[in-house]
Amino acid sequence: MVDVIYDLIVIGGGVVGLAVLRAATLHGWKCALVEAETELLSQASGSNSGIACTGVDASPGTLERALIRDANSQFRLYCERHNIPTRPCGSLVALWPEDSNDRLDEVLAESHEAGDTHAQRWSPSQVLSEEPNLASAVRGAVHIPGEIVVDPWLYSISLGVHARENGADIFTNFCVDGASTTFEDGLWVL
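Parameters at a glance
- Residues numbered from 1 in each chain as written.
- Predicted model: local features only at pLDDT ≥ 70, side-chain atom pairs only at ≥ 80, totals over all residues.
- Heavy atoms only, no water.
- Helix = DSSP H or I, 4+ residues; strand = E, 2+ residues; numbered from the N terminus.
- Rg over C-alpha atoms; globule rule 2.2 N^0.38 Å.
- Buried < 20%, exposed > 50% of the residue type's maximum accessible area, 1.4 Å probe, protein only.
- Core = buried A, V, L, I, M, F, W, Y, C linked by side-chain atoms within 4.5 Å.
- Contact = heavy atoms within 4.5 Å.
- Pairing = 2+ DSSP bridges.
- Axes fitted to C-alpha atoms, helices over the stretch in contact; angles between N-to-C directions.

On to the overall build of the protein. Counting its regular elements, the protein contains five helices and eleven strands. Over its C-alpha atoms the protein spans a radius of gyration of 21 Å, topping by over 25% the 16 Å that the globule rule assigns to 190 residues. Seen along its three principal axes, the alpha-carbon backbone of the protein occupies a region of about 65 × 35 × 30 Å. Sorting the 190 residues of the protein into buried and exposed places 34% on the buried side.

Right, here's the structure in full:
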């Protein structure tokens, strides 16, 4: 590899690393990403569920919920602009006999507070009508229609492609450890 000075080197070629690479590159930084594996997304990022959560699991009023809501809107726009197919699927937060308390009204209120105004509480018969393969012991659920599914590999790799199209470099089979890095004249050397 030729000696190149980068503004940012991202270590790790998972979805977060690729998203950071793309964002920094689009901000005009000279960036590279290094991945120890032969392929990008070879760990958890390449095989996650692909569900774009609306944030109902995050506590109300937290930074986590605010970031999820903001990222979700950006995610949908990105997929649309880059021709990444998505599938509306919704989700169910189900109540089971072993659950010690019924939190469904709380989940519904949190969903509405998070912006999922179409979320509804479903009776056991409504749940089983829509999801007949669930155990019949279900005691009800909150249906959150705003959640979508995307191919996690396709979405993530598109981030890397977009970063490369905008000038980023990506290196695989590039292991970074403490023994191979030095700090010289104000720069990290890998």
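Moving on: the nonpolar core. Residues Leu18, Leu21, Leu33, Leu40, Phe75 and Tyr155 are the most contacted members of the largest nonpolar core, which totals 21 residues. Elements that contribute at least two residues to this core include exactly helix H1 (15–26), strand E2 (31–34), helix H2 (63–81), strand E8 (148–150) and helix H5 (152–165). With four residues, the top contributor of residues to this core is H5. Sequence-distant contacts of Tyr155, defined by excluding residues within four places in its chain, comprise Val15, Phe75, Tyr78, Cys79, Ile84 and Val150. Counting eight residues, the second-largest nonpolar core is a separate cluster that includes Leu95, Leu104, Leu108 and Ile144.

So, about the sheet that holds strand E7 (residues 140–144). Spatially, the three strands line up as an open sheet ordered E5-E7-E6, and their pairing is antiparallel. Each having just a single partner strand, strand E5 (91–95) and strand E6 (120–122) make up the two edges of the open sheet. Strand-to-strand, the axes of this sheet are offset by a mean angle of 25°, without reference to chain direction. Taken together, the five bridges between E5 and E7 define a ladder with antiparallel strand orientation. Opposite Val93, over in E7, you have Val142 as the bridge partner. Against the sheet, helix H3 (residues 104–113) makes contact with E5, E6 and E7, and its axis sits at roughly 10° relative to E7, the strand it touches most.

Fair warning: the whole summary comes from geometry, so function is off the table for now.
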